Amino acid sequence: MEVLNITTPSGRSQVLLGERFLNINRHLPHNKVVIITDTNVAKCYSGDFPPFPVIEIGFGEKNKNLDTVRYIYDKLIELEVDRSCFILGIGGGVICDIVGFVASTYMRGLDFGFVSTSLLSQVDASIGGKNGVNYQGFKNMIGVIRQPAFVLCDYTMLKSLPEKEYLSGLAEIVKHAVIRDRVMFEILEKNIRKILQRDSRIISGLISASVKIKAEIVGKDELEKGERRLLNFGHTFGHAIENIYNLSHGEAISLGMIMAANFSAHKGLMPLKSAKRLERLLDNLHLITKISPDKNIVLDTMRKDKKKYGTEIYFVMLEDIGKAIFRSIPFSDIERYQNK
Ligand SMILES: NC(=O)c1ccc[n+]([C@@H]2O[C@H](COP(=O)([O-])OP(=O)(O)OC[C@H]3O[C@@H](n4cnc5c(N)ncnc54)[C@H](O)[C@@H]3O)[C@@H](O)[C@H]2O)c1
């Protein structure tokens, strides 16, 4: 097991890379615990859950909303959960986002931790303390930043992950490589077959590399005033299409990264051939690379993005593979590019 510490103004978090779920009791701070999970994860792993009350919610993005939050609050009250209780989320990114939000707001905040079960949540969603839910069709509109006490990443739990969800996680691994680490990007390019076969050695290395990139950035800029914005590469366009077209988060981010890379080339920041290289990698990893969205609907959704300030938006672009920058771009520039 490899332990990574993330220290931020809002708290400390430990990422337990490669720790086995069966050892979860070693990491729970005390024995008053409530587990929150989704129906799919419960089906696969409830037999291994430690003996605590379980609140089960429906799976998937459609449940990442305030109705589910209210349902969980009601269950916590029913279970007479008080501030001495620890909340353990067991699941993918949706569970982590909801559980972190509930635990941060119920009784003004309970301690919480995650067993991160999807590739996407192990490399991204469970790390960094962003918790929240969607609202009126807008991604992560309501939320808080608060660090989990720990995130346990048991790589063996990825074996039960459906193919589509596994591929979705690969998109965020590519994102980390393309914004920060050219060598990691080359490793991805050279190991397509092994990655698609879920070779445990290569995947554990990529998860560890991804988490280190995210942890380093979050450690410096928890509240996303600067460098953390780089982690939004591909997310402005991605978030706009994710719910409208019912895509997985990774599929949406794959398309968003291609849009942002091509926009970077259009702006003269990076050669077009580097944008095409990113597109080729995503395609080889069986990620969706083409969609013909309704431009007006997408632009309208982008206009409500959290990264927009007045008539400008913080947009992450590439100067090269492994080197991202963010710029405040007039929204009209993106609109013109989308309409060209
Ligand atoms: N907070 C953040 O910083 C952050 C970062 C990136 C993404 N996200 C969010 O994460 C969410 C996407 O995460 P996700 O892709 O994990 O979605 P998810 O939680 O919906 O999981 C995907 C599917 O896989 C199932 N599943 C999870 N683990 C499993 C396992 N081990 N075996 C079998 N099935 C399993 C789930 O039940 C679900 O059906 C989005 O809502 C996105 O906005 C948050």
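The rules behind these values
- Residues numbered from 1 in each chain as written.
- Predicted model: local features only at pLDDT ≥ 70, side-chain atom pairs only at ≥ 80, totals over all residues.
- Pairing = 2+ DSSP bridges.
- Helix = DSSP H or I, 4+ residues; strand = E, 2+ residues; numbered from the N terminus.
- Axes fitted to C-alpha atoms, helices over the stretch in contact; angles between N-to-C directions.
- Domains from an automatic or database assignment.
- Contact = placed C-beta atoms within 7 Å.
- Nonpolar A, V, L, I, M, F, W, Y, C, P; charged D, E, K, R; others polar.
- Buried ≥ 20, exposed ≤ 12 C-beta atoms within 10 Å, placed from the backbone.
- Near = placed C-beta within 6 Å.

Caption draft 1: View of the sheet that holds strand 3 (residues 33-38). Taken in spatial order, the seven strands of this open sheet run 1-2-9-6-5-3-4, and their pairing is mixed. The open sheet has two edge strands, strand 1 (2-8) and strand 4 (54-57), and neither has a second partner. On average, adjacent strands in this sheet sit at an angle of 15° to one another, irrespective of strand direction. Pairing of strand 1 with strand 2 (residues 11-17), which is carried by seven bridges, proceeds in the antiparallel orientation. Residue pairing across strands places Asn5 opposite Gln14, the latter belonging to strand 2.

Caption draft 2: How the structure looks around the domain arrangement of the protein. Per the domain assignment, the segments making up the protein are domain 1 (2-160) and domain 2 (165-339). Placing the centre of domain 1 and that of domain 2 at their C-alpha centroids yields a distance of 25 Å. Across the boundary between the two partners, domain 1 contributes 28 residues, which contact 28 residues of domain 2. Only strand 1, strand 2, helix 4 (119-125) and strand 8 (138-145) provide two or more residues apiece to the side of domain 1 that touches domain 2. Residue composition of the side of domain 1 that touches domain 2, by class: 14 nonpolar, 11 polar and three charged.

Caption draft 3: Broad picture of the environment of Ala177. Within the secondary structure, Ala177 is located in helix 5 (residues 163-180). Ala177 sits in the buried class, given 25 other C-beta atoms within 10 Å. The spatial distance from the C-alpha of Ala177 to the C-alpha of Ile321 is 8.0 Å, given a sequence separation of 144 residues. Apart from the residues lying within four places of it in its own chain, the contact partners of Ala177 are Met184, Phe185 and Leu188.

Caption draft 4: Molecular detail of the site of the ligand. For the ligand, the set of nearby residues contains 30 residues, the closest of which are Asn40, Gly92, Gly93, Val94 and Ser118. Counting residues per element, the ones that place at least two in the shell around the ligand are helix 1 (39-45), helix 3 (93-105), helix 4, strand 8 and helix 5. Counting contributing residues, the shell around the ligand receives three or more from each of domain 1 (2-160) and domain 2 (165-339).

Caption draft 5: Representation of the pairing of strand 8 in the model. As defined by bridge partners, strand 7 (residues 130-135) adjoins strand 8 across five bridges and the pair is classed as antiparallel. Bridged to Val133 within strand 8 is Ile142. Where strand 7 hands over to strand 8, the hairpin turn is made up of two residues, of which Gln136 adopts a positive phi near 50°.

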